[in-house]
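Chain residues, written in single-letter form:
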Amino acid sequence: MNVFRPHTLEELFRIRREVRGTLFSGGTDVQVKIRSGSLSPTALIDTKEIRTEKIVKNDGILLIRMNTTYSDMLSFDLHEFPILQKIIPTIGSTQIRNRGTPLGNVCNASPAGDFLLSCYLYDASIRLLPTERVVKVEEFIKGPGNIALEPYEVAYELQFPVMNNYLCFFEKVGKRNSMNIATVSAGILLKLERCMVKDIRIAFGSVCPNVFRSTELEKKIIGSRFELPVFKEIAQEYSNAVSPISDVRATADYRRKLVRNLLIKAYFELGGENDVQGS
Ligand SMILES: Cc1cc2nc3c(=O)[nH]c(=O)nc-3n(C[C@H](O)[C@H](O)[C@H](O)COP(=O)(O)OP(=O)(O)OC[C@H]3O[C@@H](n4cnc5c(N)ncnc54)[C@H](O)[C@@H]3O)c2cc1C
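Small disclaimer: the values here were computed from a predicted structure and weren't measured.

Caption draft 1: Expanded view of the overall build of the protein chain. Secondary structure summary: the protein chain contains 11 helices and 14 strands in total. Relative to the globule expectation of 19 Å for 279 residues, the C-alpha radius of gyration of the protein chain, 19 Å, shows essentially globular dimensions. Considering only C-alpha atoms, the protein chain reaches an extent of 65 × 45 × 30 Å along its principal axes. Residues counted as buried form 37% of the 279 residues belonging to the protein chain. In the protein chain, 60% of the contacts between residues at least 6 apart in sequence involve partners at least 24 apart.

Caption draft 2: How the structure looks around the sheet that holds strand E10 (residues 154-161). Pairing is antiparallel across the open sheet formed by five strands, whose spatial order is E4-E5-E10-E6-E7. In the strand order of this sheet, the two ends are held by strand E4 (55-58) and strand E7 (133-136), each with one partner. Across this sheet, the average inter-strand angle for adjacent strands is 25 degrees, counted without regard to direction. Judged from the four bridges that link them, strand E6 (residues 125-129) and E7 form a sheet pairing that is antiparallel. The partner of Ile126 across the bridge, within E7, is Val135.

Caption draft 3: Quick look at the site of the ligand. Contacts to the ligand come from 31 residues, most closely from Gly26, Gly100, Gly104, Asn105 and Cys107. Mapped by element, the contributors of at least two residues to the shell around the ligand are strand E2 (22-24), helix H2 (30-36), helix H5 (94-99), helix H6 (102-108), helix H7 (114-122) and E10. Ranked by residue count, the leading element in the shell around the ligand is H6, at five residues. In terms of residue class, the shell around the ligand is built from 14 nonpolar, 14 polar and three charged.

Caption draft 4: Structural view of the sheet that holds strand E1 (residues 2-4). If you walk across this open sheet you meet the three strands as E1-E3-E2, and the pairing is parallel. The two strands at the open ends of the sheet, each matched to only one other strand, are E1 and E2. The average angle at which neighbouring strand axes cross in this sheet is 25 degrees, direction not considered. In the sheet, E2 pairs with strand E3 (residues 43-46) via three bridges, with the strands oriented parallel. Counted as the bridge partner of Phe24 is Asp46 from E3.

Caption draft 5: Up close: unusual backbone geometry. In this structure, Pro130 follows Leu129 across a cis peptide bond, with omega equal to 0 degrees. Structurally, Pro130 is set in the loop between E6 and E7. Located in the positive-phi region is Glu132, a residue other than glycine, with phi close to 65 degrees. Mapping Glu132 onto the fold places it in the loop between E6 and E7. Classification of Glu132 as exposed rests on a count of 9 C-beta atoms within 10 Å.

Caption draft 6: Structural context of the domain arrangement of the protein chain. We note that the domain assignment places domain 1 (2-161) and domain 2 (167-278) within the protein chain. On a C-alpha basis, the centres of domain 1 and domain 2 stand 26 Å from each other. Counting residues per element, the ones that place at least two in the side of domain 1 that touches domain 2 are helix H4 (82-87), H7 and strand E8 (141-143). The dominant element in the side of domain 1 that touches domain 2, judged by the number of residues it contributes, is H7, at six residues. Counted by class, the side of domain 1 that touches domain 2 contains 11 nonpolar, six polar and two charged residues.

Caption draft 7: Layout of the pairing of E6. What sits between the antiparallel neighbours E6 and E7 is a turn of three residues, in which Glu132 has the positive phi angle 65 degrees. Here E6 pairs with E10 via five bridges, running antiparallel. When the bridges of E10 are listed, Ile126 appears paired with Leu158.

Caption draft 8: Seen up close, the nonpolar core. Ranked by internal contacts, the top residues of the largest apolar core, which has 69 residues, are Val106, Cys119, Ile188 and Leu263. Each of two domains, domain 1 (2-161) and domain 2 (167-278), supplies a minimum of three residues to this core. When sequence neighbours within four positions are dropped, the list of residues in contact with Leu263 reads Phe231, Ile234, Ala235 and Tyr238.

Caption draft 9: Representation of H7 in the model. The buried fraction of H7 is high, at nine of nine residues. Burial in H7 covers these residues: Asp114, Phe115, Leu116, Leu117, Ser118, Cys119, Tyr120, Leu121 and Tyr122. Taken from the residues just after H7, Asp123 is the one with a positive phi, measuring 50 degrees.

Definitions and limits used
- Residues numbered from 1 in each chain as written.
- Predicted model: local features only at pLDDT ≥ 70, side-chain atom pairs only at ≥ 80, totals over all residues.
- Helix = DSSP H or I, 4+ residues; strand = E, 2+ residues; numbered from the N terminus.
- Rg over C-alpha atoms; globule rule 2.2 N^0.38 Å.
- Buried ≥ 20, exposed ≤ 12 C-beta atoms within 10 Å, placed from the backbone.
- Contact = placed C-beta atoms within 7 Å.
- Pairing = 2+ DSSP bridges.
- Axes fitted to C-alpha atoms, helices over the stretch in contact; angles between N-to-C directions.
- Near = placed C-beta within 6 Å.
- Nonpolar A, V, L, I, M, F, W, Y, C, P; charged D, E, K, R; others polar.
- Domains from an automatic or database assignment.
- Core = buried A, V, L, I, M, F, W, Y, C linked by C-beta atoms within 7 Å.

Structural data, given as structure tokens:
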């Protein structure tokens, strides 16, 4: 198998045009797939030697570029992105975070991808080169392991808008922490104004072929009082709306129950208990 290690983007574009190879950065997904036999690339294109400014904050947008690892992210000031501060330390081990990249997580397009889930919450976009296409991550993901990338394109940058004054919740349920794929994961961004829900974004991992987010269900909560009956009702609706499978990790029924229970747990963790006591 041929391995290419371009040092510049121009070299990468040329190789991409000439060779039908598999791109990789950290290789933490690609190597597992090669070892298990589910991927047999004719060539590998390793992007790690390409030097870019890895993380940039520009005009209220966080840009996470090619080859940025999770450890790079954790050394950056992420105080405006508290949910990323919660999610990233749960991804793999220190070794995996030293190699694995947010861009690789998105391009791997797993419904269990933890960083991918955060992209859904932020309506993040992905910039593709050399075409300079900028696409919403939610549209970029076509299905499990399937992305809207042209054969000659490469993913270059994730774009996250700063969203001020949001509370956040993230939880991953699994048999072991960190080194296992989540049975179900849940992420929430919530903006309250005088006990009313001004905005809410809710995403679940491992409950559908793609990360699950429903703006229709979110609209049902926006404008409501932040109180337990609202969350209990919507928790049941989410539990009905997801379409999990049964596998070695859990049954579909258990996953539906987790969806419901995680939403109720989120209500209390987001300060709901205080609200109930105070109202
Ligand atoms: C032990 C272990 C624990 C893990 N734990 C977690 C976890 O807790 N949560 C989680 O979400 N994931 C986990 N993972 C999965 C993996 O570490 C992450 O998905 C990681 O973010 C992948 O990044 P990478 O750079 O290693 O991707 P790579 O393996 O390099 O690539 C992943 C995919 O992206 C494509 N790709 C890479 N770069 C580009 C590019 N520039 N343009 C287009 N396509 C590209 C590749 O072709 C491949 O399809 C774990 C993996 C292991 C081995």
